[in-house]
Amino acid sequence: MTELALPTAHLVADLKELIQEARRRTARKVNAELSLLYWNVGTRIRTEILEEERAAYGQEIVRTLAKQLNKEFGRGWSKRQLDYCIRFAEIYPDQNIVHTLCAQLSWSHIRQIIYLEDDLKRQFYTEMCQLENWSVRQLAERTQSMLYERTAISKKPEETIRADLEKLREEKAVSPDLLLKDPYVLDFLGLNDRYLEKNLEDAILRELEQFLLELGAGFTFVARQKRIQLDDDDFYLDLLFYNRKLKRLVVIDLKLGNFKAEYKGQMELYLRWLARHETEPGEEMPLGIILCTGKKAQQIELLELDKSGIHVAEYLTVLPPRAELEAKLQRSLETAQRRLENKGE
């Protein structure tokens, strides 16, 4: 009896991948077509009903229209769905932008983004969704934790923000300001009120995957307590990472309590040693992040840490109520705006 010839495992794996990739492409095309349909529906309703019939009467027509569409096509055309369509058309009137957006994000992502009030926030979350491949849940978590307001880019002049987002969109080039944050939310570490720097470091490594997500796109872990020697003295870098998007090493120094001016010299030493001994050809100069439980804004401003490639940020081991976080970030934004105004004088 002739033995049956069996396909190789390699062939089976390749065919599975072909089938799955075809399914993914099909799903993306279907999603894009549906999203474009929703935009067209919203545009027609805005043009033919809401622009002519104002306020309550126009809304009543939309409610009646939803009932008619549900009767004809089944569930999926509720008043709420039509409101989403209308909002989509209102926020993005340019069809060229809509075509691009529909090809990039799912309808579930778009529904969240269209209700962000600020255009720069919408652009930021749209680009970061693609850069970091966020799920719908992750997008909701990022907006809830006010990621945009926590990034360094939000403290920059509007023209700088737009330029960085345009560069990310057109060239896929990421600036450090798009990734650096203040504060970092580390509520997933599960730390109590009292802990040592070693406890903080241990908790970060235990929850490394979550910590990498909070750091942002492109970060990979390199070393813990990396030892360097200078003049027979030993120094230890708390945490060392590499960022593929920024093409540079990133040192994180963990501190309990408020920032101290002496931390600058220590971090500059680390960065210069790394630049001389660890940086590969084609890589950018290393960056330093000093994480503290409190900042000294005037000291940080006078030290001009940005010029040394050093970013100082607070970290929160407990996510505060949203109103409290909003107030904190608003104060930080106002401080940054005053600093920009003073530089311009």
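Here the structure is shown first, and the text comes after it.
Residues numbered from 1 in each chain as written. Predicted model: local features only at pLDDT ≥ 70, side-chain atom pairs only at ≥ 80, totals over all residues. Heavy atoms only, no water.

Engineer: Please explain the sheet that holds strand β4 (residues 248-254) as it appears in this structure.
Structural biologist: Strand pairing in a sheet relies on backbone hydrogen bonds. The paired strands run either parallel or antiparallel. Strands sit in the order β1-β6-β5-β4-β3-β2 across an open sheet of six strands; the sheet is mixed. Only two strands of the sheet have a single partner each, and these edge strands are β1 (184-185) and β2 (219-230). With five bridges connecting them, β4 and strand β5 (residues 287-292) associate as parallel partners. Bridging from a neighbouring strand, isoleucine 252 pairs with isoleucine 289 of β5. Set on the sheet, helix α12 (residues 208-215) makes contact with β1, β2, β3 (233-243) and β4; between it and β2 the angle comes to about 95 degrees. On top of the sheet, helix α13 (residues 262-277) reaches β2, β3, β4, β5 and β6 (310-316); it is set at about 150 degrees to β4, its chief contact. (Pairing = 2+ DSSP bridges. Helix = DSSP H or I, 4+ residues; strand = E, 2+ residues; numbered from the N terminus. Contact = heavy atoms within 4.5 Å. Axes fitted to C-alpha atoms, helices over the stretch in contact; angles between N-to-C directions.)

Engineer: Explanation requested: the environment of alanine 152 in the structure shown.
Structural biologist: Turning to its location among the elements, alanine 152 is positioned in the loop between α8 (147-150) and α9 (158-171). According to the relative accessible area criterion, alanine 152 is buried, its value standing at 14%. As for alanine 152 and aspartate 83, which are separated by 69 residues in sequence, their C-alpha atoms are 34 Å apart. Apart from residues lying up to four places away in sequence, alanine 152 is in contact with Asp177, Leu180 and Lys181. (Buried < 20%, exposed > 50% of the residue type's maximum accessible area, 1.4 Å probe, protein only.)

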